[in-house]
Amino acid sequence: QVRLVESGGGLVQAGGSLRLSCVASGNIFRNNVMGWYRQAPGKQRELVASITSGVRTNYADSVQGRVTISRDNAKNKVYLQMNSLKHEDTAVYYCNADLVVTGRPSYNYWGQGTQVTVSS
């Protein structure tokens, strides 16, 4: 069974930093695109950043220059370093991964989410 487990969320003052981590576990054969999404109250879930296995990155305009996504392919981990946090970054952050489990086709998996709250 594949699981994505996030950590690193919490309460931070505006202008501060947080580093989110996500580890994928299970019988993973190949780890393709990994990413972070967020969902604020009353809003749709949106992409924050993604990174391919070849470490090509993509960022939402709202976080460009403040956020860095990285990954450790050997450990099936993805990280999100967030700096200069703003109140509007407050949301539940979800890890997402496109994984190939041994003997199965590629499938998209979600973590349970971690709360990030930025106080103004």
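Further up the page is the structure itself.
Residues numbered from 1 in each chain as written. Predicted model: local features only at pLDDT ≥ 70, side-chain atom pairs only at ≥ 80, totals over all residues. Heavy atoms only, no water.

Caption draft 1: Layout of the nonpolar core. Judged by nonpolar contacts, the single largest core of 32 residues is most densely connected at W36, L80, M82 and Y93. Breaking this core down by element, the ones donating at least two residues are strand 3 (18–25), strand 4 (28–39), strand 5 (46–51), strand 7 (67–72), strand 8 (77–82), strand 9 (91–101) and strand 11 (114–119). Sorting elements by how many residues they give to this core places strand 9 first, with 6 residues. (Core = buried A, V, L, I, M, F, W, Y, C linked by side-chain atoms within 4.5 Å. Buried < 20%, exposed > 50% of the residue type's maximum accessible area, 1.4 Å probe, protein only. Helix = DSSP H or I, 4+ residues; strand = E, 2+ residues; numbered from the N terminus.)

Caption draft 2: Here's a closer look at the state of the cysteines. Under the definition given, this model contains 1 disulfide. In this model C22 forms its disulfide with C95; the gap between the sulfur atoms is 2.1 Å. Residues C22 and C95 are joined through a disulfide that is left-handed, its torsion about the S-S bond being -80 degrees. Of this pair, C22 sits in strand 3 while C95 sits in strand 9, placing them 73 residues apart in sequence. (Disulfide = S-S within 2.5 Å.)

Caption draft 3: Spatial organisation of the side chain of N32. Structurally, the position occupied by N32 is in strand 4. Excluding anything up to four places from it in sequence, N32 contacts I51, T52, S53, R71, D98, V100 and S106. (Contact = heavy atoms within 4.5 Å.)

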